Amino acid sequence: MPKMTARTTTLLRTALGLALALALAVLSSFIQGEGPELASYGNLCGPATNEGCYKPVLKGGFPLAYLFDMPGVSVERRLSFGEDTLHSVALVLDIIIYWSAIMFVIWFANRRRASSKNCENNGKA
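Residues numbered from 1 in each chain as written. Predicted model: local features only at pLDDT ≥ 70, side-chain atom pairs only at ≥ 80, totals over all residues. Heavy atoms only, no water.

A. View of the nonpolar core. The biggest cluster of nonpolar side chains holds eleven residues, and these are A21, A25, L58, Y66, L67, L79, A90, L91, I95, Y98 and I102. Elements with a contribution of two residues or more to this core: α1 (6–27) and α2 (88–124). Excluding anything up to four places from it in sequence, Y98 contacts A21, L24, A25, S28, F62 and P63. (Core = buried A, V, L, I, M, F, W, Y, C linked by side-chain atoms within 4.5 Å. Buried < 20%, exposed > 50% of the residue type's maximum accessible area, 1.4 Å probe, protein only. Helix = DSSP H or I, 4+ residues; strand = E, 2+ residues; numbered from the N terminus. Contact = heavy atoms within 4.5 Å.)

As structure tokens, then:
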């Protein structure tokens with residue numbers, strides 16, 4: 001089996017980090033919160049029931065919320081990629097944040113491994 005070059009190894013690590021970052025960003029949609037954005041959830045509010053009903057919007061994503069509930073279009077109070085509002089810039093930023101954290105962990109692990117190999121080699125001399 002041919003030996004992998006440093007460039008190939010770096011490319012594989014980067015691709016693996018990107019795939020993992022994408023998965024973590026999508027799975028972060030299960031971390032949900034509400035507000036401060038408001039949305040209209042009907043029009044039978046107020047003393048005369050002729051005013052709009054506003055509630056905090058359900059949103060998902062971490063660290064930046066990127067999926068927002070769209071009342072009246074989707075199942076209310078349940079997030080779905082096909083029906084709700086997707087803020088693609090926030091999703092891309094989430095992926096970048098996760099990818100950066102993953103690449104830092106990989107870099108730190110490689111430095112540590114190289115340092116321990118260096119200590120072993122110095123001990124043998």
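Structure's up, so let's keep going.
B. Layout of the packing of aromatic side chains. Tallied over the full model, the rule gives three aromatic pairs. Summarising the aromatic geometry, the rings of F104 and F108 are spaced 6.4 Å apart at their centres and angled 25° between planes, so their arrangement reads as stacked. Of the two residues, F104 and F108 are both situated in helix α2; the distance of four residues between them amounts to about one turn of the helix. Note that K55 overlies the ring of Y41, its terminal NZ or CZ placed 5.3 Å from the centroid. (Phe/Tyr/Trp six-rings, centres within 6.5 Å; stacked < 30°, edge-to-face > 60°. Lys NZ or Arg CZ within 6 Å of the ring centre and 35° of its normal.)

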